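Results of the structural survey
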Amino acid sequence: MNMNLYLPLPLGLLAAALSLALAGNARAQQHDHGAHASPASTQQKPATPAPEPAKADTQTDHSTMDHSRMDDAKVDHSKMDHSKSDASPMDHSKMDHSRMDHGAAGRATTEPREPIPPVSDADRAAAFPSLKPHAMEHASTFHSLVMINRLEAWDADHGTGQAWEGSAWFGSDLNRLWLRSEGEREGSRTESSELEVLYGRSVSPWWDLVVGVKQDFRPADSRTWAAFGVQGLAPYKFEVSATAYLGESGQVMATVEAEYELLLTNRLILQPLVEASFSSRDVPEYGEGTGLNKVEAGLRLRYEITRRFAPYVGVVHERLFGDTADYRRGEGGDVTDTRFVAGVRLWF
């Protein structure tokens, strides 16, 4: 009997303790979930959706914007949403090209900014005035040149002396009067001198034909010659003169001269010259033999202080040939002669 009363009492107490424990745990869980749910409902509000970026206004007039005042350094491109920009190409197939004036730009560059007035009669009269007869003045066709090619003193083994050679012309480009003269003095005596008066006619841009008279002046006698020849500029710029002379009793003589100017600098010029004379017969009284009489070769170096005035120094060698050399030996003279010269070349 006592065992039956003893056993149910602990079981009842155990059941009562279990029920109280379960009720306490339920209240604790309700308290914890309520404490966490309430702050979440009050503090964590749902995030407000970000506004969509405004679409680009395709009708914005950018020409009125002053882009010069924009400071690109202050623009933060990292905060811009470039993902929504429309980078797709333009669809030209949907555009109405019929209303576009594509020729306006071309016309703007060709058409004048200001209208050009039509040409009037007053404009034509000012541009083309009526000229009176003989009212225009032409340049004079008369020209002249005086050239002293050699004016020098020389020194040789047998003595000293002076020599000259020059020419002058007066007239037009086609017709000219030529004067040519040369001579030589030794000591205080004139050994030879001559003067030619010639009419020259241009037959080409580089050559003239000449015809006239030559007069020889000597201390004791003189001779007159009819002269005709040619002079001008040969190829490679050689100045050439060839003249034949017809004298008394059918005597014929000829002279050929050639010279060249070699420009060492713009003002320093080397001038070689060669001259040869011929005779058709012997004339003992004048010391002239048949054939080649004399050859003279000179080399002169001049410096042009101005184009019109140039001093020079040089050397000249002269040699006689044939019967002319025999006549000189018979007189006790030398058939060769070398002399140093110094002089001046000028023209005006």
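Residues numbered from 1 in each chain as written. Predicted model: local features only at pLDDT ≥ 70, side-chain atom pairs only at ≥ 80, totals over all residues. Heavy atoms only, no water.

Some details on the overall build of the protein chain
Counting its regular elements, the protein chain contains five helices and 13 strands. For the protein chain, the proportion of its 348 residues judged to be buried stands at 22%. In the form shown here, the protein chain has an accessible surface area of approximately 25800 Å², with 60% of it arising from carbon and sulfur atoms. (Helix = DSSP H or I, 4+ residues; strand = E, 2+ residues; numbered from the N terminus. Buried < 20%, exposed > 50% of the residue type's maximum accessible area, 1.4 Å probe, protein only. Areas by Shrake-Rupley, 256 points an atom, 1.4 Å probe, with all protein chains shown as cover.)

Some details on the pairing of strand β12 (residues 309–320)
Residues A310, Y312, G314, V316, E318 and L320 point to one face of β12 and are all buried, whereas F309, P311, V313, V315, H317 and R319, pointing to the other face, are not buried. A loop of five residues connects strand β11 (residues 291–303) with β12, the two strands running antiparallel in sequence. Where β12 and strand β13 (residues 336–347) come together, 11 bridges link them in antiparallel fashion. If you follow V313 over to β13, its bridge partner there is A342. (Pairing = 2+ DSSP bridges.)

Describing the nonpolar core
Counting eight residues, the largest nonpolar core is built from W169, W178, L198, V210, W225, A227, Y245 and M253. Excluding residues that lie within four positions of it along the chain, W169 makes contacts with H143, S144, L145, R176, L177 and W178. Ranked by size, the runner-up nonpolar core spans six residues in total, among them A156, A163, Y312 and V316. (Core = buried A, V, L, I, M, F, W, Y, C linked by side-chain atoms within 4.5 Å. Contact = heavy atoms within 4.5 Å.)

As for the side chain of Q215
In this structure, Q215 sits in strand β5 (residues 207–217). Polar contacts involving the side chain of Q215 include one to the main-chain carbonyl oxygen of R223, which spans 3.4 Å. A polar contact of 2.5 Å, which involves the side chain of Q215, links it to the side chain of T224. Beyond its immediate chain neighbours, meaning those up to four positions away, Q215 contacts S193, E194, L195, S222, R223 and T224. (Polar contact = N/O pair within 3.5 Å; in protein donor to acceptor, adjacent residues only side chain to side chain.)

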